[in-house]
Amino acid sequence: MKDLSKYDPEWLKKALRDMLLIRRFEEKAAQMYGLRKIGGFLHLYNGQEAVAVGSVAAVDLSKDYLLTSYRDHGHALAVGMDPKSIMAELFGKITGCVRGKGGSMHMFDVERHFLGGNGIVGAQIPIATGVAFKQMYDEDGGVTLCYFGDGAIHQGAFHESLNLARIWDLPAIYIVENNHFGMGTATKRVSGVEDFSVKAAGYGLPGHVINGMDFLEVYEGIKKIADETRKSSTACLIDLKTYRYKGHSISDPAKYRTKDELEQYKQQDPIVQLKAQMIEAKLISEDDFKALDDELKTLVQEAVDFADASEEPALHTMYEDVLA
Amino acid sequence: MPEIQMREAIRQAMDEEMERDGRVFLLGEEVGEYNGAYKVSKGLLDKYGDKRVRDTPITELGFTGLAVGAASVGLRPIVEWMTFNFALLALDQVVNNAAKMRHMSGGQIKVPMVIRGPNGPAEYLSSQHSQALHSYFVHVPGIKVIAPSTPYDAKGLLKTAIRDDNPVIMAESELAYGWTGEVPEEEYLIPLGKADVKREGADVTLVSFGKPIYMALKAADQLADMGIDAEVLDLRSLRPLDEDAIYASVRKTNRAVVIDEAWPVASMGSHVGWLISKNCFDDLDAPVEMVSSEDVPMPYNHTLELAVQPSVEKIVRAAKRVSYKE
């Protein structure tokens, strides 16, 4: 068992709450998809909650930035976006965080320094590198967290970006959310290496491995790395090993893996683990957890009610948000 | 008024805007120590240092995407593509990111960046290095595209583009960098989306942009000798497009020839031709003609490569056809 005594109990409760909110939100989103309230792609984050919540807890989004791929609901909630605006976006309503223009793949909140929500595999990596360029240019002490999946690491955009970050001393933290499958293809079938952190050496950058199934390990790992990056303005690559419980997207039954494998990961569930650690440390009780869960289920239901009651975008809005 | 080369006009625009605004920086292959593959950025590294003039590795996708990211958080990058032929590697970043960041974010983000470099056929370069690819970019909502034909226009348009809060792509021409023209010493700006009548005429409208404008002007001289008074309309900006200027000219002359050095299929030229046919149908005395490149990859052989492209002779013939004088 981990020693939780050095952490503020309220801070730990918030982490547990943030992860559980993501889990309940995603479960509800899947349900709403079944009711055809949501269309298109829906890439769920179940199982990966510790990654977004642990890393966001480790940085300062008043100066740091965060960009991810299309599996973005977890990050959106982790940075503190209102579940109502996210659910309304999934419903395609004008009250959605991007006015019904983006849907599941394109959550953005510029005020919270969350720059999406990017749909092309790996294409956010150069963008994040450019955000880190601005931080270097302004010497503002910020770092940029750039998340992408293990499928994206083979794109040229990854290669070009890490080299640019190295030669220009950009404070970018490249995080492979390694859930071991690029859509339905197991990593080992398409990658020459299974430990992605070794790739960093090819760019003269440090590489790290972090267990993404444990909130505190993610938090401590990212915190240390972010502090180093802030000081040295040297980018790095992190192989953050995690697992998604659901298919690649909602339409994927995930027949390419065994039930045993899935069950094995569920034994290390980030929410179950943190809950157990906190109960062991007597920071919460089973009843507290149940009450929290009920509260979050209500919160998510309120998000659905809000999305349902919201207006469709007016037709003229299609011409808006194209040019500044 | 001083007469300067096109490359100097572009350099002046970048220099003046970099001096005015510390958020503006230049990046691209060979833009710094080498002073630009076509010497367009000459002296800028010495003046602004390597923080603001950045030699990149040969990674068009990477540095174009980096510029999109930097622009999304408030810098104002100028990207130099060594040629548009290499820009295809960066197409994803232009189409899916530069043009979409604002849309995907529901209007939260603006992307004030300029991408510029030579486009269109040059000489003896064969099929991979001699292509007019502007139509690829004009097709996409969320970006602006300009294509100047004179040093005066290049400087005025580029300065405006650098101040614009949207991604603007400027298609230049390798063969036109040495062209000279008058450029005033005092500051001026040219708005995007305004065409310019380069020669007034009453009998036929020659609509073009970029390098072929000079062919159109020469063709107009030859046509004058044949008693045909041609108007040459320089679009200057392809998106936004000054449709009113096109229609005003065609409604005056009742005849139109569109010249675009790109291939004929799904091109800027074919789009302008369709617009004229649709919106000036009752004013036209002849079907709209288009002079484009032949629908083939560019050959190396000089005779063949010239035959592939628009020429003064082809424009004259087309103008005579719409005037029923051939």
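The coordinates are above.
Keep in mind that what you see is a predicted model, and the values were worked out from it rather than measured. (Residues numbered from 1 in each chain as written. Chains lettered and ligands numbered in written order. Predicted model: local features only at pLDDT ≥ 70, side-chain atom pairs only at ≥ 80, totals over all residues.)

### Focus on the overall build of chain B
For step 1, the next point in the chain: Each helix and strand counted, chain B has 13 helices and 14 strands in total.
For step 2, the next point in the chain: A compact globule built from 326 residues would reach a C-alpha radius of gyration of about 20 Å, and chain B, at 19 Å, matches this within 12%.
For step 3, the next point in the chain: Overall size of chain B, expressed as C-alpha extent along the three principal axes, is 60 × 45 × 40 Å.
For step 4, the next point in the chain: Put simply, chain B has 326 residues, and 60% of those count as buried.
For step 5, the next point in the chain: Residue pairs at least 24 apart in sequence account for 78% of intrachain contacts in chain B once pairs closer than 6 positions are excluded. (Helix = DSSP H or I, 4+ residues; strand = E, 2+ residues; numbered from the N terminus. Rg over C-alpha atoms; globule rule 2.2 N^0.38 Å. Buried ≥ 20, exposed ≤ 12 C-beta atoms within 10 Å, placed from the backbone. Contact = placed C-beta atoms within 7 Å.)

### Details of the overall build of chain A
For step 1, the next point in the chain: Looking only at helices and strands, chain A features 11 helices and eight strands.
For step 2, the next point in the chain: Here the C-alpha radius of gyration of chain A, 19 Å, is about what a compact globule of 324 residues would show, namely 20 Å.
For step 3, the next point in the chain: Sorting the 324 residues of chain A into buried and exposed places 53% on the buried side.

### Considering helix α11 (residues 268-279) of chain B
All names here are of chain B.
For step 1, the next point in the chain: Between its first and last C-alpha, α11 extends 16 Å over 12 residues, near the 16 Å set by a 1.5 Å rise per residue.
For step 2, the next point in the chain: By the burial criterion, the buried members of α11 are M268, G269, V272, G273 and I276. In an axial view of α11, the angular spread of the buried residues amounts to 135 degrees, which keeps them on one side of the axis. (Expected span 1.5 Å × (residues − 1). Arc of directions from axis to C-beta.)

### Notes on the sheet that holds strand β3 (residues 53-55) of chain B
Adjacent strands of a sheet form backbone hydrogen bonds with each other and so pair up, either parallel or antiparallel.
Residues and elements named next belong to chain B.
For step 1, the next point in the chain: Read across the sheet, seven strands follow the order β3-β2-β4-β5-β7-β6-β12 without closing on themselves; strand pairing throughout is mixed. Of all the strands in the sheet, just β3 and β12 (237-239) have a single pairing partner and so form its edges. On average, adjacent strands in this sheet sit at an angle of 20 degrees to one another, irrespective of strand direction.
For step 2, the next point in the chain: Sheet topology note: the strand β4 (residues 76-80)/strand β5 (residues 114-118) ladder contains three bridges and is parallel. (Pairing = 2+ DSSP bridges. Axes fitted to C-alpha atoms, helices over the stretch in contact; angles between N-to-C directions.)

### Points about the interface of chain B and chain A
For step 1, the next point in the chain: On the side of chain A, 33 residues touch chain B, which itself brings 32 residues to the contact.
For step 2, the next point in the chain: For the side of chain B that touches chain A, the secondary structure elements donating two or more residues are α3 (60-72), α5 (91-98) and α6 (101-104) of chain B.
For step 3, the next point in the chain: No other element matches α3(B), which puts 10 residues into the side of chain B that touches chain A.
For step 4, the next point in the chain: When its residues are assigned to classes, the side of chain B that touches chain A shows 12 nonpolar, 16 polar and four charged. (Nonpolar A, V, L, I, M, F, W, Y, C, P; charged D, E, K, R; others polar.)

### What to know about the sheet that holds strand β7 (residues 207-211) of chain A
All names here are of chain A.
For step 1, the next point in the chain: Strand order in the open sheet made by the six strands is β2-β1-β3-β4-β8-β7, with parallel pairing throughout. A strand with exactly one partner marks an edge of an open sheet, and here the two such strands are β2 (114-117) and β7. Averaged over neighbouring strand pairs, the angle between their axes works out to 20 degrees when direction is ignored.
For step 2, the next point in the chain: With six bridges connecting them, strand β3 (residues 144-149) and strand β4 (residues 172-178) associate as parallel partners. Note that in β4 the partner of F148 across the bridge is V176.

### Observations concerning the packing of helix α1 (residues 9-34) of chain A against helix α10 (residues 270-280) of chain A
All names here are of chain A.
For step 1, the next point in the chain: Put simply, α1 and α10 touch, their axes get as near as 10 Å, and they point 150 degrees apart. What the angle tells us is that α1 and α10 run roughly antiparallel. Note on packing geometry: the crossing formed by α1 with α10 is left-handed. For the pair α1 and α10, the contacting residues are L12, A15, L16, M19, L20 and R23 in the first and P270, I271, L274, K275 and M278 in the second.
For step 2, the next point in the chain: By residue class, the composition of the contact of α1 with α10 is nine nonpolar, no polar and two charged. (Parallel < 35°, antiparallel > 145°, perpendicular 65-115°, else oblique. Left-handed = near helix turned anticlockwise from the far one by under 90°.)

### Quick look at the packing of helix α6 (residues 156-167) of chain A against α3(B)
Each pair of packed helices gets described by two things: the angle between the helix axes and the distance between those axes.
For step 1, the next point in the chain: At a minimum axis distance of 8 Å, the contact between α6(A) and α3(B) shows a crossing angle of 70 degrees. The pairing of α6(A) with α3(B) is recorded here as roughly perpendicular in orientation. Seen along the crossing, α6(A) lies across α3(B) with a hand that is right-handed. Within the contact between the two elements, α6(A) uses G156(A), A157(A), E160(A), S161(A) and L164(A) and α3(B) uses L61(B), G62(B), F63(B), G65(B) and L66(B).

### A short note on the pairing of β3(A)
For step 1, the next point in the chain: With respect to burial, β3(A) is a largely interior element, six of its six residues being buried.
For step 2, the next point in the chain: Burial along β3(A) is two-sided: T144(A), C146(A) and F148(A) facing one way and L145(A), Y147(A) and G149(A) facing the other are all buried.

### Looking at helix α10 (residues 243-253) of chain B
Residue and element names in this part refer to chain B.
For step 1, the next point in the chain: Of the residues making up α10, those classed as buried are I246, S249, V250 and T253. Projection of α10 onto a plane perpendicular to its axis shows the buried side chains occupying an angular sector of 95 degrees, all on one side.
For step 2, the next point in the chain: If you follow the buried residues of α10, they end up packed against β10 (204-208), β11 (230-234), β13 (256-259) and α11.
For step 3, the next point in the chain: Directly after α10, the chain includes N254, whose backbone phi takes a positive value near 65 degrees.

### A few points about the nonpolar core
For step 1, the next point in the chain: One finds C146(A), I173(A), L206(B), V257(B), I315(B) and A319(B) to be the most contacted residues of the largest nonpolar core, which totals 196 residues.
For step 2, the next point in the chain: A per-element tally of this core places α1(A) first, with 10 residues.
For step 3, the next point in the chain: If we skip the residues at most four places from it in the chain, L206(B) touches A216(B), A219(B), A220(B), A230(B), E231(B), V232(B), L233(B), V257(B), I259(B), I315(B) and A319(B). (Core = buried A, V, L, I, M, F, W, Y, C linked by C-beta atoms within 7 Å.)

### Examining unusual backbone geometry
For step 1, the next point in the chain: In this structure, G117(A) follows G116(A) across a cis peptide bond, with omega equal to 25 degrees.
For step 2, the next point in the chain: Residue P240(B) is bonded to the preceding R239(B) through a cis peptide linkage, with omega at 5 degrees.
For step 3, the next point in the chain: Of note, P240(B) is situated in the loop between β12 and α10.
For step 4, the next point in the chain: In this structure, A266(B) takes a positive phi of about 50 degrees despite not being glycine.
For step 5, the next point in the chain: Mapping A266(B) onto the fold places it in the loop between β13 and α11.

### A few points about the environment of P112(B)
For step 1, the next point in the chain: Following the sequence through the fold, P112(B) ends up in the loop between α6 and β5.
For step 2, the next point in the chain: For P112(B), the residues in contact, after removing those within four places along its chain, are A71(B), R76(B), D164(B), D165(B) and N166(B).

### Describing the environment of L88(B)
For step 1, the next point in the chain: Among the secondary structure elements, L88(B) is positioned in the loop between α4 (84-87) and α5.
For step 2, the next point in the chain: In the structure, L88(B) is positioned 202 residues away from M290(B) in sequence and 26 Å away in space, judged by C-alpha atoms.

### Focus: the environment of T298(A)
Residue and element names in this part refer to chain A.
For step 1, the next point in the chain: Take T298: it is sitting in helix α11 (residues 286-309).
For step 2, the next point in the chain: C-beta crowding within 10 Å serves as the criterion here: with 11 such atoms nearby, T298 is assigned to the exposed category.
For step 3, the next point in the chain: Separated by 82 residues in sequence, T298 and L216 place their C-alpha atoms 27 Å apart.

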